[in-house]
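# Structural description and commentary
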Amino acid sequence: MSENEMNLQAENEMNAKEAPLVLQVSHVSGGYYSGGILKTKQNYREVLHDIDFEIRQGEIMGLVGESGTGKSTLAKMILGLVQPEQGEIIHHTKRPQIVFQDPYSSLNPAYSVEWSIEEPLRVFGKYDAPERKRRVRDMLKRVELPEEILEAKPTELSGGQRQRVSIAAALIRRPRFLILDEPVSALDVTIQAQILRLLKDIRKELDLSYLFISHDLNVVYQLCDRVLVMKAGRLVEQGTIEEVYENPKEEYTKNLLAAAD
Amino acid sequence: MLEIRDLHVKFHTREREAVAGISLTIRDGEILGLVGESGSGKTVTAMSIAGLLPRKQCRLSGEILLGGKDLLHADRSELRKIHGNEIGVVFQEPMSSMDPLMKVGLQVGETLRIHTDNSPEERKKLVLAALDDVELPDPEAIYNKYPHELSGGMQQRAMIAAAIASRPKLLLLDEPTTALDVTVQAQILELLKKLNRTHGISMMFISHNLNVVRKLCKRVAIMQRGELVETGDTEKIFTDPQHPYTQRLISAIPTRTRKEPV
Ligand SMILES: Nc1ncnc2c1ncn2[C@@H]1O[C@H](COP(=O)(O)OP(=O)(O)OP(=O)(O)O)[C@@H](O)[C@H]1O
Ligand SMILES: Nc1ncnc2c1ncn2[C@@H]1O[C@H](COP(=O)(O)OP(=O)(O)OP(=O)(O)O)[C@@H](O)[C@H]1O
Ligand SMILES: [Mg+2]
Ligand SMILES: [Mg+2]
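Counting starts from 1 at the beginning of each chain's written sequence and moves along it residue by residue. All chains are assigned letters beginning at A, and all ligands numbers beginning at 1, according to the order in which they are written. Local features in this predicted model are restricted to residues whose pLDDT is 70 or higher, and side-chain atom pairs enter the listing and the counts only when it is 80 or higher, whereas totals over whole chains, interfaces and linings include all residues. The basis for every side-chain value is the complete set of heavy atoms in the structure, and neither hydrogens nor water enter the calculation.

### Details of the interface of chain A and chain B
Put simply, the rule is: Contacts are residue-level and defined by heavy atoms, with any inter-residue pair within 4.5 Å sufficient. By definition, the buried area sums, over both parts, the 1.4 Å-probe accessible area that each loses when the two are put together. Salt bridge, as applied in this entry: a Lys or Arg side-chain nitrogen positioned within 4 Å of an Asp or Glu carboxyl oxygen.
Facing the 49 residues of chain A at the interface are 39 residues of chain B. Summing both partners gives a buried area of about 3,500 Å² for chain A against chain B, and 49% of it is carried by carbon and sulfur. Our count for the chain A to chain B interface comes out at two salt bridges. Arg162(A) is the partner of Glu93(B) in a salt bridge, and the nearest nitrogen-oxygen pair spans 2.6 Å.

Below, the structure is given as structure tokens:
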């Protein structure tokens, strides 16, 4: 390596390190209490154990791991819907947005698609009605949905259409940090590719960060900068996509990658 | 097994037909794949077979023949028998079709309760076996949980357990493995193959995961905008797609080598 290249590399590392922190999850454990309002040791079941990682501005962090391991629980904990029992979660931005795994949780079943996407803008209060309409239609186009569904209720959409409406409703808020829980699982591969491109474009426009939860390891490979691997509620491995995919250290990660393809 | 003839479904609130004249057969003992664009009418087709479309919101025409009977025009009591007994359905979004206030075990046992005269003890045993079949850890504990206490993939497996517990003749599976990791997914696919082989259950398997479809289904049908654009032998269609949409679809399968520059 020439001196120049070394300088360049050092500079790149500096830049990567210098991007400001968006989220710090520091040695967090937590889970659920069953059976009523009493929180006792007996009815507590810990799901997440000693989770530790951070996300920087502009970074796309993948989260993979077996079904039932605690990925959605971690997402809920970052949002404050589940409280950590130990450790702490520090946000350096406003409350993050989320696209839930079950799109019905993101959308109000009583309201139309147009209402659901427009609502955050209305609350925001900065735009007048025509400007809001324009923004809603623009966002609809970006998630590849036809305008004919504007009047529809969530129950009157296909699964993949519902998923894209939740993505649109989250992106229109121009968040600084967005959690996406299996956001493209109900999309055919051509629309999926377009949505992944959209997520990359928006990342560039807004310099936002994502936590991207997915069972599709190829999608994670294509989209993410870094990845967290979870097993039985613990992070067993984390690193850049290249590190983890090309040189997995843990047996579990190796098996996971081998089973994919 | 099942024959769909010129099925049309038009919702009153929409201009275009959701299903615009499709004809399709599911042969005895086969697993037919149904893939295609999001919003192209796959779920609506499955719902038409299952008799679960909101009849007041749409206009239906054509024929759906199961063992010689036309499901579209049969009367209600006849339909109810067929649907619980002969057709099992796994819905695309498990949470939306589960009763949030009913324990998982009881829901999985619902069709058994309605359509068999098993005692409650026998039923529980069958349900626990079905929960075990779908690779859920600790079936006894899952039995007593409420749906929201399960992860997405666990709900999906509970739905599959509910559909297979009564051993229907035809299984309609709408995106049944989207929330499953590759390992569990592989186990579920093995289970489906086994049910297909040993019990002769025919299946319609709707999925966006083309690699899975290729592994599971001998025959595949491709939908776009309410129409069938291509139907045939899976291997043949994957290696030599004829329709432009199928060609686009197959070239867009995500791989690990095509990392686009950001
Ligand atoms: N509200 C709840 N109450 C009690 N237990 C819960 C609750 N939600 C989830 N769990 C349990 O916590 C564990 C982790 O669930 P979680 O939904 O976080 O998994 P996941 O990694 O997102 O899985 P999947 O990939 O299947 O969506 C599971 O054992 C689940 O049964
Ligand atoms: N109850 C309803 N009222 C009006 N339109 C509906 C209703 N249900 C579905 N549709 C429309 O019918 C079309 C076909 O939907 P369908 O759910 O069958 O698509 P799909 O192929 O299953 O898509 P996906 O892969 O996204 O699940 C869509 O445009 C959808 O918006
Ligand atoms: Mg989950
Ligand atoms: Mg569907």
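Still more to cover.
### Topic: the sheet that holds strand β7 (residues 209-213) of chain A
All names here are of chain A. Put simply, the rule is: Should DSSP find at least two bridges between two strands, the strands are regarded as paired. The numbering of helices and of strands both runs from the N terminus, where a helix is a DSSP run of H or I of at least 4 residues and a strand a run of E of at least 2. Convention adopted: a line fitted to C-alpha atoms gives each axis, helices being fitted over their contacting stretch, and angles between N-to-C directions are expressed from 0 to 180 degrees.
Overall, mixed pairing links the six strands, which are arranged β5-β6-β7-β3-β8-β9 in an open sheet. Only two strands of the sheet have a single partner each, and these edge strands are β5 (97-99) and β9 (234-240). For this sheet, the mean angle separating the axes of adjacent strands, direction not counted, is 15°. Alignment of strand β6 (residues 177-181) against β7, held across five bridges, turns out to be parallel. Residue Ile 179 lies in a different strand from β7, and its bridge partner there is Leu 211. In the packing of helix α2 (residues 71-79) onto the sheet, the strands contacted are β3 (60-65), β5, β6, β7 and β8 (226-231), and the crossing angle to β6 comes to about 155°.

### Considerations on the coordination of the magnesium ion (ligand 4)
Residues and elements named next belong to chain B. Quick note on the threshold: Here the term donor refers to an N, O or S atom within 2.8 Å of the metal (or 3.2 Å for Na, K and Ca), and because water is left out of the atoms, sites may appear incomplete. Only protein chains enter the accessibility calculation, which uses a 1.4 Å probe; a residue is then buried when its area is under 20% of its type maximum, exposed when over 50%, and partly exposed in between.
Within the protein, the magnesium ion (ligand 4) binds to Thr 43 (OG1) and Gln 92 (OE1); these donor distances fall in the range 2.0 to 2.3 Å. Placement of Thr 43 in helix α1 (residues 42-50) and of Gln 92 in the loop between β6 (87-90) and α3 (94-97) is noted, with a sequence separation of 49 residues between them. With relative accessibility at 23%, the residue Thr 43 sits in the partly exposed group.

### Side note on the domain arrangement of chain B
Residues and elements named next belong to chain B. Formally: Domain delimitation follows an automatic or database domain assignment. By the criterion applied in these results, polar contacts are pairs of N or O atoms within 3.5 Å in which, for protein atoms, one can donate a hydrogen and the other can accept it, and in which residues neighboring in sequence qualify only through two side-chain atoms. The nonpolar class holds Ala, Val, Leu, Ile, Met, Phe, Trp, Tyr, Cys and Pro. Asp, Glu, Lys and Arg form the charged class, and all remaining residues, Gly among them, are polar.
Structurally, chain B comprises domain 1 (1-86 + 168-250) and domain 2 (91-167). Centre-to-centre separation of domain 1 and domain 2, based on C-alpha positions: 23 Å. If you look at the interface, domain 1 gives 23 residues, while domain 2 gives 16 residues. At the boundary of domain 1 with domain 2, total buried surface from both sides reaches about 1,700 Å², with 64% on carbon and sulfur atoms. Interface area lost by domain 1 to domain 2 is led by Pro 168, Ile 188 and Leu 191, which between them contribute 23%. Inspection of the region where domain 1 meets domain 2 yields zero salt bridges. Run the count over domain 1 and domain 2 and you get six residue pairs in polar contact (both at pLDDT 80 or more). Listing elements by their share of the side of domain 1 that touches domain 2, those giving two or more residues are α1, α2 (76-85), β7 (170-174) and α9 (182-199). Sort the elements by how many residues they give to the side of domain 1 that touches domain 2 and α9 lands first, with six residues. The class makeup of the residues in the side of domain 1 that touches domain 2 is eleven nonpolar, seven polar and five charged.

### A closer look at the packing of helix α4 (residues 113-124) of chain A against helix α6 (residues 159-171) of chain A
Packed helices, taken two at a time, are described by their axes: the angle between them and the distance between them. Residues and elements named next belong to chain A. Selection criterion: Throughout, the term roughly parallel applies to angles under 35 degrees, roughly antiparallel to angles over 145, roughly perpendicular to angles from 65 to 115, and oblique to all others. Definitions for this section: a left-handed crossing has its near helix turned counterclockwise from the far helix by less than a right angle. A right-handed crossing has that turn clockwise.
Closest axis-to-axis distance for the α4/α6 pair is 7 Å, and the angle between their directions is 20°. The orientation of α4 relative to α6 falls into the category roughly parallel. Crossing of α4 against α6: the hand is right-handed. Where α4 approaches α6, its residues Val 113, Ser 116, Ile 117 and Pro 120 are matched on the opposing element by Val 165, Ala 168 and Ala 169.

### Here's the deal with the site of ligand 1
Short version of the rule: Near, as used in this document, describes a residue that has one of its heavy atoms within 4 Å of the molecule or strand being considered. Values of accessible area rely on a 1.4 Å probe in the Shrake-Rupley scheme; residue burial ignores everything except the protein chains shown.
Neighbouring ligand 1 are 22 residues, the closest being Ser67(A), Thr73(A), Glu149(B), Ser151(B) and Gly153(B). Ligand 1 is flanked by residues contributed from chains A and B. At a separation of 2.7 Å, an oxygen atom of ligand 1 approaches a polar side-chain atom of Ser67(A). Gln101(A) places a polar side-chain atom, nitrogen or oxygen, 3.0 Å from an oxygen atom of ligand 1. In isolation ligand 1 has 650 Å² of accessible area, and contact with the protein removes 92% of it. The set of elements that each furnish at least two residues to the shell around ligand 1 consists of β2 (44-56) and α2 of chain A together with α8 (152-164) of chain B. At four residues, the largest contribution of residues to the shell around ligand 1 is made by α2(A). Classifying every residue of the shell around ligand 1 gives five nonpolar, twelve polar and five charged.

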